[in-house]
Amino acid sequence: MNPAREVRRTNTKKGRAARQQADPVLLPSWQELAALAAHPERLEDRLMILLIAWAGLRWSEAVSVSVFDLWNDRPRMTIAQVYSFDPENKQWVVERVKAGLAATVPLPRPIWEELRKFAATRTIEPRPGGELLFRPTRIRYAGVDPIVIDNTNWSRRVWRPARAAAGLIGDPTLPLLDPRRRPIKIKDLRAYAASVIVDSGGSAYDAAALLRHANVNTTNQYYARAQDERSHDPARARLRVDTGQPLDERIELLWEAWVTAYPELTAGLFRPDPGNA
């Protein structure tokens, strides 16, 4: 018997911090993000990818967005609550967002307009979760009505095919800490959101506010390192944004630069679902 086989080290964020290590963060290039977002057939799935990438939402926040969270007068949205399942009591509960940091976040106007049009198609149902923007297609827990989209099902149906189409499936021959050694994670899109702020002339504190980190050191340690990937992205390296403009306007400029750089991929981002054209 080899006793070492029975030894396991729990891999937690706190433990990695104590060892002064962190999982590498993969910042997708502009072209890779365009390929990711353009691949899904359903508009709802494309909007989900774009929302996480440009607004920095966590998965639990993205699937808990209400139609009422979208502002009516300007391209912003509110992030204030998440739905979670209590397996002990077998019921869904509404919780505060992580760290309790509710906030409003800016959106590129084209995404905001498409989200509002999509929200207008949703019927508000008199039940918990009946006001959610993104809704599940499959039952997650036996005997319990679904509230939010199941991560495992969505990953298998949408995320994995999209990242394969974008060529972000990882390469195990790369060095250990090279972020492109592993497939891109949904969470890595938060790094892209942070990069949007930095590319638009914002500071690490602005990026921390967008990601709703309680401590700016978290932003620096886990996401700012992703900026090293910029050297592999000529389209972004050439970007220049007028930092004298308000943040919302700078984000609009970034969106326009992105869609202009890869029109063949981004032109169909808001195409209707098959059969609904």
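Located above this text is the structure these notes cover.
Computed from a predicted model, the values in this text were never measured in an experiment.

How each quantity is defined
- Residues numbered from 1 in each chain as written.
- Predicted model: local features only at pLDDT ≥ 70, side-chain atom pairs only at ≥ 80, totals over all residues.
- Heavy atoms only, no water.
- Helix = DSSP H or I, 4+ residues; strand = E, 2+ residues; numbered from the N terminus.
- Buried < 20%, exposed > 50% of the residue type's maximum accessible area, 1.4 Å probe, protein only.
- Contact = heavy atoms within 4.5 Å.
- Areas by Shrake-Rupley, 256 points an atom, 1.4 Å probe, with all protein chains shown as cover.
- Pairing = 2+ DSSP bridges.
- Salt bridge = Lys/Arg side-chain N within 4 Å of Asp/Glu carboxyl O.
- Phe/Tyr/Trp six-rings, centres within 6.5 Å; stacked < 30°, edge-to-face > 60°.
- Lys, Arg positive; Asp, Glu negative; His and termini not counted.
- Polar contact = N/O pair within 3.5 Å; in protein donor to acceptor, adjacent residues only side chain to side chain.

J.: When you look at the overall build of the protein chain in this model, what are you seeing that I'm missing?
T.: For the protein chain, the count of helices and strands is 12 helices and four strands. Sorting the 277 residues of the protein chain into buried and exposed places 47% on the buried side. Contacts in the protein chain between residues at least 24 apart in sequence constitute 66% of all its contacts with a sequence separation of at least 6. Surface summary for the protein chain: the accessible area is close to 14400 Å², and the carbon and sulfur share equals 51%.

J.: Can you walk me through the pairing of strand E3 (residues 91-96) in this structure?
T.: Both faces of the sheet carry side chains from a regular strand, because those side chains alternate between them. Looking at chain direction, strand E2 (residues 81-86) and E3 are connected through six bridges and run antiparallel. Following the sheet pairing, glutamine 81 is matched in E3 by arginine 96. Linkage of E2 to E3, two consecutive antiparallel strands, is achieved through a turn of four residues, within which lysine 90 is found at a positive phi near 55°.

J.: Help me out: how do you make sense of the pattern of salt bridges in this one?
T.: Opposite charge on two side chains permits pairing when their charged atoms draw close. A full pass over the atoms with the stated rule returns 13 salt bridges. Linking glutamate 61 and arginine 58 is a salt bridge whose minimum nitrogen-to-oxygen distance equals 2.8 Å. Judged by relative accessible area, which is 2%, glutamate 61 ranks as buried. A salt bridge links arginine 182 to aspartate 188; the shortest N-O distance between them is 2.9 Å. Accessibility classification places arginine 182 together with aspartate 188 in one group, the buried group. The structure contains a network of salt bridges with shared partners spanning Arg42, Glu44, Asp45, Arg122 and Arg157.

J.: What is the right way to read the packing of aromatic side chains from this model?
T.: Aromatic ring pairs are reported here in terms of the distance separating the ring centres and the angle at which the planes meet. As enumerated under the stated definition, the model contains nine aromatic pairs in all. Aromatic side chains tryptophan 255 and tryptophan 258 sit 5.2 Å apart centroid to centroid with 65° between the ring planes, which places their arrangement in the edge-to-face category. On the criterion of helical spacing, the pair formed by tryptophan 255 and tryptophan 258 is a turn pair, its members being three residues apart in helix H11 (residues 247-261). Both residues of the pair, tryptophan 255 and tryptophan 258, count as buried. Taken together through their ring pairs, the aromatic side chains of Trp54, Tyr192, Trp255, Trp258 and Phe270 make up a single cluster.

J.: Mind showing me how you'd approach the side chain of arginine 46 here?
T.: Positionally, arginine 46 belongs in helix H3 (residues 43-55). With no salt bridge to any partner, buried arginine 46 finds its closest opposite charge in aspartate 273, at an N-O distance of 4.7 Å. For arginine 46, the residues in contact, after removing those within four places along its chain, are Ala37, Ala38, Pro40, Glu41, Gly268, Leu269, Phe270, Arg271 and Pro272.

J.: Is there a simple way to think about the environment of glutamate 44 in this case?
T.: Of note, glutamate 44 is situated in helix H3. The class for glutamate 44 is buried, based on a relative accessible area of 8%. Within polar-contact distance, the side chain of glutamate 44 engages the side chain of arginine 122 at 3.2 Å. Engagement of the side chain of glutamate 44 in a polar contact is seen with the backbone nitrogen of arginine 135, the distance being 3.2 Å.

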